[in-house]
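Spelled out from the first residue to the last, the chains are:
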Protein chains: 2
Amino acid sequence: MAAEVICVGTELLLGDILNSNSQYLAQELAALGVPHFYQTVVGDNIDRVHQAIEIAANRSSILLFTGGLGPTPDDLTTEAIASYFNTPLVEYPQVIADIERKYAQRGRDMTASNRKQALQPEGATILPNPLGSAPGMIWQPRAGLTILTFPGVPREMYRMWRDTAIPFLKTQGYGQHPIYSRSLRFFGVAESALAEKVNHLFDSANPTVAPYAGKGQVRLRISARAASEVEATTLIAPIAEEIQKIAGDNYFGSDDDTLASVVGELLLQRGQTLAVAESCTGGGLGQMLTETPGSSSYFMGGIISYANRVKVELLGVDSEDLARAGAVSATVAQQMAAGVKAKLGTDWGVSITGVAGPGGGTDTKPVGLVYIGIAHPTGDLEGIKYQLGSQQERGLIRQMSASQALDLLRRRLNSRSLGE
Amino acid sequence: MAAEVICVGTELLLGDILNSNSQYLAQELAALGVPHFYQTVVGDNIDRVHQAIEIAANRSSILLFTGGLGPTPDDLTTEAIASYFNTPLVEYPQVIADIERKYAQRGRDMTASNRKQALQPEGATILPNPLGSAPGMIWQPRAGLTILTFPGVPREMYRMWRDTAIPFLKTQGYGQHPIYSRSLRFFGVAESALAEKVNHLFDSANPTVAPYAGKGQVRLRISARAASEVEATTLIAPIAEEIQKIAGDNYFGSDDDTLASVVGELLLQRGQTLAVAESCTGGGLGQMLTETPGSSSYFMGGIISYANRVKVELLGVDSEDLARAGAVSATVAQQMAAGVKAKLGTDWGVSITGVAGPGGGTDTKPVGLVYIGIAHPTGDLEGIKYQLGSQQERGLIRQMSASQALDLLRRRLNSRSLGE
């Protein structure tokens, strides 16, 4: 009972558009619990679409086509499907009427080429398109094989999927045992190191546990197939608990949590406020913090001290220290953090100064060297060194620097009792 | 001589990640003039990867794999390829040495699971990965078939493609008749409006002209197939010139130009400096400006005045005006811009204050309402209102606000003579 996605469009093979339809259908199939093992992209060529059908129809029982339903000659998905199954195309009058009505609404006449969109294989059911002129179809060309077609325009496809395709699939018995997932998020640990520690969980069949990594973060997703959300939660909870115990302080949150949102929650719990002083990130740390709606409750603002003069004049960094130790140093990071805390009158100050590259690196201060400063409510000052890898790109070094600063603050907020 | 892309990863079939690698490789193959008729996505399952190889190897001569090269048990692309062609995996010592060196740089020890990444089919050539621990390979398992593997992490894959794969493909005779492209970039005009004005160019066969849109920007790509770059440039230049003439001031740059880099060039030409004052964008404008390497020559820094108190105390916004007109108002935007210009001693000051949502909107100040302030070197002050659409998401409103501020500054820098 597996489904397979086939996207038709030469524009996909030229890289002109990103194939977001595949991701959408993949997510939807996963949520319905419909197995899905292959996706194919093929161009606007009838022989190659035939070949794609031949392969897919022999290994899957539902084929979901997107794209190639338009009025132009290169739109040939419907024609290719019908001819592969030796079925004639017939004109569906209700489609003609629908297109005429939509065009009339916009004060236009239906064009001759639109008539083509009313041609569907004999015996197919129309899958209505409320938002555009290209309808899809639902068709069983033979026992055990169902074909659904959708236009390539994402919002039209989404709407048709929700309005008609899902209800149809449910009548066919799909979606009885959907999959529920929970993602646990980690920072400060490599995917391989975390994976080794939780290795014994990867063989679990229900729930399953799978690792993902990207941009310094690691995610473990726990997925349970269950008849209800309550049942799924009961299956997921003990696994989540075990993983959190193993990961310790490297675990920072789940699902939609971000480092910034978790830091925000910890600050809210304490009723404390934060300001940032940024050099190499140029505002990126402030931006991350303010991605969280409601961040104005704890984030007061900051100073982007890109020029050294701004570090001295606005943040009160000692110009002799700056000359002696350099802008990228523990002492300057500390003074920046202390300076912004004092200037904005907050409980915490966090600073970042580093070499983001591609230029500006030296033997002693290579690209990727970053110092993060933390000024604590107690007056304690920290200036901590990170080497984020000299081969990395400027954008990633900046993003990693900001994430690292958030993570460091998170650990400090975690390790202190609320009373401090 | 066709190439085929096979992306391996259950996370793609679950819809956890968007398949941007396929688009990247599709664009690159098109640029090299390499035919490309199919893309396949398959999960982390050895039998199904075998089946995908069986199909692809019988219709294409170059197979490009992405994903499944990591250290965890579900990363099985290399193993599946080797076993399909009945070839043993052997350990490549230079890969072990490379991974050890990278881990040492970050002060970490290589884990046992990383050793797996050094296993490649006997006879394969390592495709080095400068940015990560997973190398790829280039391998001819039989005459007329070449396999290249890349990790799924996009930036690692891009780098390996550019550094090693393209030079290799060129030695194999690919890329003799490449397609050269130039992208023209526009801001402040809708895709449909621009498309209507340049409609007559869309039928051109060589060069071709195609429009793309996203996040407020529009791009027109002019692509020419030619024997040399000089010939392509000659074909592209008159079309580019015509389009620029039609688009006027909405055209801001080409290819890798960004609004921030173009603003930077204009400031450099004048020898002028800039500071920013940000409220709803929280640092995002500073971050955009500092994405451009070398931006420290003209961007001095800024003040993130997320809290109203910071607007008053650090930027000198009049607290009565703030109370009367509100933080999201033309007068506050003007005072923020003037304040940051004075505080940082720059030639220009730019400010943003707005309602990013999802909360905080009112009837008179709805979500998406943004004011941008500009303090000119002459002392002139502007406070300009934008309504960015109350249905948009917080992230998009913030990004559009920062882009809009850059575009406004660009137009002011363009419209004044250098002597001003």
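Residues numbered from 1 in each chain as written. Chains lettered and ligands numbered in written order. Predicted model: local features only at pLDDT ≥ 70, side-chain atom pairs only at ≥ 80, totals over all residues.

Participant: Would you mind going over the overall build of chain A with me for this structure?
Facilitator: Helix and strand content of chain A: 15 helices and 17 strands. Over its C-alpha atoms, taken along the principal directions, chain A stretches across nearly 85 × 50 × 40 Å. In chain A, which comprises 420 residues, the proportion classed as buried is 47%. Long-range pairs, those at least 24 residues apart, make up 65% of the contacts in chain A with a sequence separation of at least 6. (Helix = DSSP H or I, 4+ residues; strand = E, 2+ residues; numbered from the N terminus. Buried ≥ 20, exposed ≤ 12 C-beta atoms within 10 Å, placed from the backbone. Contact = placed C-beta atoms within 7 Å.)

Participant: Looking at this model, I keep getting lost on the domain arrangement of chain A. Mind explaining?
Facilitator: In many reports, interface size means the accessible area that the parts give up when they come together. Taken domain by domain, chain A holds domain 1 (3-171), domain 2 (179-254) and domain 3 (259-415). When each unit is reduced to the centre of its C-alpha atoms, the spacing between domain 1 of chain A and domain 3 of chain A is 51 Å. (Domains from an automatic or database assignment.)

Participant: Explanation requested: the confidence of the model for chain A in the structure shown.
Facilitator: On average, residues of chain A carry a pLDDT of 93, and 99% of them reach 70 or more. The complex prediction reports pTM at 0.82, with the ipTM value standing at 0.83. (pLDDT = per-residue confidence, 0-100.)

Participant: Looking at this structure, how should I read unusual backbone geometry?
Facilitator: Keep in mind that most residues, glycine aside, have a negative phi and that most peptide bonds are trans. Residues and elements named next belong to chain A. The residue after G357, namely P358, is reached through a cis peptide bond having omega 0°. Looking at the secondary structure, you find P358 in the loop between β15 (348-354) and β16 (369-375). In this structure, D255 is a non-glycine residue whose phi angle is positive, near 50°. For D255, the position within the fold is in the loop between β12 (251-254) and α10 (259-270).

Participant: Before we go on, may I ask you to explain the sheet that holds strand β3 (residues 62-66) of chain B in this structure?
Facilitator: What holds strands together in a sheet is hydrogen bonding between their backbones, with the strands either parallel or antiparallel. Reading across the sheet, the 12 strands line up as β6(A)-β7(A)-β8(A)-β3(A)-β1(A)-β2(A)-β2(B)-β1(B)-β3(B)-β8(B)-β7(B)-β6(B) and stay open at both edges, with mixed pairing between neighbours. Each edge of the sheet is formed by a strand with only one pairing partner; in this case those strands are β6 (125-127) of chain A together with β6 (125-127) of chain B. Each strand axis lies, on average, 20° off the axis of its neighbour in the sheet, ignoring direction. Bridge count between strand β1 (residues 3-8) of chain B and strand β2 (residues 36-42) of chain B: 5 bridges; the pairing is parallel. Bridged to C7 of chain B within β2 of chain B is V41 of chain B. Where helix α3 (residues 46-57) of chain A meets the sheet, it contacts β1 (3-8), β2 (36-42), β3 (62-66) and β8 (145-150) of chain A together with β2 of chain B, and its direction lies at approximately 175° from that of β2 of chain A. Running over the sheet, helix α2 (residues 20-32) of chain B touches β1, β2 and β3 of chain B and is turned about 165° from β1 of chain B. (Pairing = 2+ DSSP bridges. Axes fitted to C-alpha atoms, helices over the stretch in contact; angles between N-to-C directions.)

Participant: What is the right way to read the interface of chain A and chain B from this model?
Facilitator: Tallying the contact residues gives 68 residues for chain A and 69 residues for chain B. Tallied by class, residues from the side of chain A that touches chain B come to 32 nonpolar, 28 polar and 8 charged. (Nonpolar A, V, L, I, M, F, W, Y, C, P; charged D, E, K, R; others polar.)

Participant: How should I be thinking about the environment of L315 of chain A in this particular structure?
Facilitator: Residues and elements named next belong to chain A. If you trace the backbone, L315 turns up in the loop between α12 (308-313) and α13 (319-325). Sequence spacing of L315 and I303 is 12 residues, and the spatial spacing of their C-alpha atoms is 7.8 Å. The contacts of L315, once residues within four sequence positions are left out, are A277, I303, S305, Q335, M336, G339, V340 and K343.

Participant: Looking at this model, I keep getting lost on the environment of T87 of chain A. Mind explaining?
Facilitator: If you trace the backbone, T87 of chain A turns up in the loop between α4 (77-84) and β4 (89-91). The sequence separation of T87 of chain A and P121 of chain A amounts to 34 residues, and the corresponding C-alpha distance is 6.1 Å.

Participant: Mind showing me how you'd approach the packing of helix α9 (residues 259-270) of chain B against helix α14 (residues 394-415) of chain B here?
Facilitator: The relative placement of two packed helices is expressed as an angle between their axes plus a distance between the axes. Residue and element names in this part refer to chain B. Interaxial distance between α9 and α14 falls to 9 Å at its minimum, and their mutual angle equals 30°. The orientation of α9 relative to α14 falls into the category roughly parallel. Once α9 is placed against α14, the crossing between them reads as left-handed. Here L259, A260, V262, V263, L266 and L267 of α9 lie close against α14, whose contacting residues are S403, L406, D407, L409, R410, L413 and N414. Here the contact of α9 with α14 is composed, by residue class, of 9 nonpolar, 2 polar and 2 charged. (Parallel < 35°, antiparallel > 145°, perpendicular 65-115°, else oblique. Left-handed = near helix turned anticlockwise from the far one by under 90°.)

Participant: Looking at this structure, how should I read the sheet that holds β12 of chain A?
Facilitator: All names here are of chain A. Overall, antiparallel pairing links the 4 strands, which are arranged β10-β11-β9-β12 in an open sheet. Both edges of this open sheet fall to β10 (208-214) and β12, since each of them pairs with a single strand only. When the angles between neighbouring strand axes are averaged without regard to direction, this sheet yields 25°. Examined bridge by bridge, β10 and strand β11 (residues 217-225) share 7 bridges and lie antiparallel to one another. When the bridges of β11 are listed, V209 appears paired with I222.

Participant: I tried to follow the packing of helix α2 (residues 20-32) of chain A against helix α7 (residues 154-171) of chain A on my own but got confused; where do I start?
Facilitator: All names here are of chain A. The contact between α2 and α7 brings their axes to 11 Å, and the two run at 25°. One way to sum up the angle between α2 and α7 is to call them roughly parallel. Handedness of the crossing formed by α2 with α7: right-handed. Two secondary-structure elements touch here, α2 through S20, N21, Y24, E28 and L32 and α7 through P154, M157, Y158, W161 and L169.

Participant: Is there a simple way to think about the environment of F37 of chain A in this case?
Facilitator: Positionally, F37 of chain A belongs in strand β2. With 35 residues separating them in the primary sequence, F37 of chain A and A2 of chain A have C-alpha atoms 7.2 Å apart.

Participant: Whenever I open this one, the pairing of strand β15 (residues 348-354) of chain B confuses me. Can you help?
Facilitator: Put simply, side chains in a regular strand alternate between the two faces of the sheet. All names here are of chain B. Of all 7 residues in β15, 7 are buried; the element is thus mostly enclosed. Where burial is concerned, the two faces of β15 agree: the one with W348, V350, I352 and G354 and the one with G349, S351 and T353 are both buried. Pairing of strand β13 (residues 274-278) with β15 involves 5 bridges; the strand directions are parallel. In the strand pairing of β15, A275 is matched with G349.

Participant: Can you help me understand the pairing of β11 of chain A in this one?
Facilitator: All names here are of chain A. As defined by bridge partners, strand β9 (residues 179-187) adjoins β11 across 9 bridges and the pair is classed as antiparallel. Paired with L184 across the strands is L220, a residue of β11. Connecting β10 to the next strand, β11, in antiparallel fashion are 2 residues, including K215 with a positive phi near 50°.

Participant: Would you take a moment to explain α2 of chain B for this structure?
Facilitator: Count 3.6 residues to each turn of an α-helix, and residues three or four apart come out pointing the same way. The end-to-end C-alpha separation of α2 of chain B is 19 Å, in line with the 18 Å expected for 13 residues at 1.5 Å each. Here α2 of chain B has its buried residues at N21, S22, Q23, L25, A26, E28 and L29 of chain B. Close packing links the buried residues of α2 of chain B with α1 (10-13) of chain A together with β1, β2, β3 and α6 (154-171) of chain B. Positive backbone phi, at 75°, marks G33 of chain B, one or two positions downstream of α2 of chain B. (Expected span 1.5 Å × (residues − 1).)

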